[in-house]
Amino acid sequence: MLMYFNVWYSLLWLPSDLSLFIYQAAKSDLSDILLVFVAIAYALWLLAEPFRLYLGYAGNLYEKVPHLSAFTLLTVFPQLAAMILLFVTNLIGDDMRSYHFASQLLMLFFLVPELLLAVWQLRLMIKSQTFTFYHRWRVHAAGITAVIEMDEQRGSSPQAQQQHGSSPQAQQQHGSSPQAQ
């Protein structure tokens, strides 16, 4: 649910926050270096957000560990780093707009729980898939052992045939077939 609402909020947040930043940059006395960093933060956020949200959906819905891991990494950097930079820049600015402050704070409230829940879900998913792997391996190994034991009981395994002296080659040499016995 959190990611669903984040998609819609991101679609509304970017145009409004970016236009407010452009307006604020024209009227603000922030240094040029800081304005360049903020512009880079917006660009990184804009490039990474669609991929991050896709990876989060795919990781959760299809239980894919690599997708959820990539979602977690993209949440930490560049998304969380960019939001913190934008939030701090807004605090530094001389004319802090209440909408700007509230919109970035709300975006941080989306990102932090998403990060915490993604790490928690990733740990659960790895444990679950590890258990499934070992369980399937044990069932597969037990199935192979059961087949070998059944073959030995019937006397049709190569080891049992050699012990009884009734290998298919020996039976063909004596002119008898395994079905005839």
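Above this text you will find the structure in question.
This report concerns the structure included in the present document. (Residues numbered from 1 in each chain as written. Predicted model: local features only at pLDDT ≥ 70, side-chain atom pairs only at ≥ 80, totals over all residues. Heavy atoms only, no water.)

### What to know about the packing of helix 1 (residues 2–27) against helix 2 (residues 32–61)
1) Next: Axis separation between helix 1 and helix 2 bottoms out at 11 Å; the angle between their running directions is 170 degrees. The angle between helix 1 and helix 2 falls in the class roughly antiparallel. Here Met3, Tyr4, Asn6, Val7, Ser10, Trp13, Leu14, Asp17, Leu18, Phe21 and Ala25 of helix 1 come into contact with helix 2, specifically with Leu35, Val38, Ala39, Tyr42, Trp45, Leu46, Glu49, Arg52, Leu53, Gly56, Tyr57 and Asn60.
2) Next: Counted by class, the contact of helix 1 with helix 2 contains 16 nonpolar, four polar and three charged residues. (Axes fitted to C-alpha atoms, helices over the stretch in contact; angles between N-to-C directions. Helix = DSSP H or I, 4+ residues; strand = E, 2+ residues; numbered from the N terminus. Parallel < 35°, antiparallel > 145°, perpendicular 65-115°, else oblique. Contact = heavy atoms within 4.5 Å. Nonpolar A, V, L, I, M, F, W, Y, C, P; charged D, E, K, R; others polar.)

### Considerations on unusual backbone geometry
1) Next: Backbone torsion omega between Phe77 and Pro78 reads 15 degrees, so that peptide bond is classified as cis.
2) Next: Its place among the elements puts Pro78 in helix 3 (residues 65–92).
3) Next: Here the phi dihedral of Glu63 falls at roughly 50 degrees; this positive angle occurs in a residue that is not glycine.

### Details of the side chain of Glu49
1) Next: Counting through the fold element by element, Glu49 comes out in helix 2.
2) Next: Taking the relative accessible area as the measure of exposure, Glu49 reaches 4% and is therefore buried.
3) Next: Among the polar contacts listed, one links the side chain of Glu49 to the side chain of Gln79, at a separation of 2.3 Å.
4) Next: Setting aside chain neighbours within four positions, we find Glu49 in contact with Asn6, Ser10 and Gln79. (Buried < 20%, exposed > 50% of the residue type's maximum accessible area, 1.4 Å probe, protein only. Polar contact = N/O pair within 3.5 Å; in protein donor to acceptor, adjacent residues only side chain to side chain.)

### Some remarks on empty space enclosed by the protein
1) Next: Here the structure, examined in full by the defined rule, presents one cavity of 30 Å³ or more.
2) Next: Each pocket or cavity is described by its volume, and for the largest cavity that value is around 80 Å³. (1 Å grid on protein atoms, 1.4 Å probe; cavity = no way out; pocket = protein on both sides within 12 Å on 5 of 7 lines; lining within 4 Å. Points joined across faces, edges and corners; volume = space filled by probe spheres on them.)

### As for the packing of aromatic side chains
1) Next: Counted by the stated rule, this structure contains seven aromatic pairs.
2) Next: Here Phe133 and Tyr134 contribute two aromatic rings whose centre-to-centre distance is 5.4 Å and whose plane-to-plane angle is 70 degrees, an arrangement assigned as edge-to-face.
3) Next: Under the relative-accessibility criterion, Phe133 is labelled exposed at 53%.
4) Next: An aromatic cluster is present here, built from Tyr4, Phe5 and Trp8 joined pairwise through their rings. (Phe/Tyr/Trp six-rings, centres within 6.5 Å; stacked < 30°, edge-to-face > 60°.)

### Here's the deal with the packing of helix 2 against helix 3
In a packed pair of helices, the relevant descriptors are the angle between the two axes and the axis-to-axis distance.
1) Next: Between helix 2 and helix 3, whose axes approach to 8 Å, the crossing angle comes to 150 degrees. Here helix 2 lies roughly antiparallel to helix 3, going by the angle between them. Crossing hand, helix 2 versus helix 3: left-handed.
2) Next: Here the contact of helix 2 with helix 3 is composed, by residue class, of 21 nonpolar, seven polar and two charged. (Left-handed = near helix turned anticlockwise from the far one by under 90°.)

### Description of the side chain of Ser10
1) Next: The topology assignment puts Ser10 in helix 1.
2) Next: The buried category is assigned to Ser10, whose relative accessible area is 7%.
3) Next: Among the polar contacts listed, one links the side chain of Ser10 to the side chain of Glu49, at a separation of 3.1 Å.
4) Next: The contact partners of Ser10, leaving out residues within four places of it in the chain, are Pro15, Trp45, Glu49 and Met107.

### Overview of helix 3
1) Next: A rise of 1.5 Å per residue sets the reference length of helix 3, with its 28 residues, at 40 Å; its end C-alpha atoms lie 39 Å apart and thus fit the reference within 8%.
2) Next: Taken as a whole, helix 3 carries its principal kink of about 35 degrees at Gln79. (Expected span 1.5 Å × (residues − 1). Bend = angle between axes of the 7 residues up to and from the residue.)

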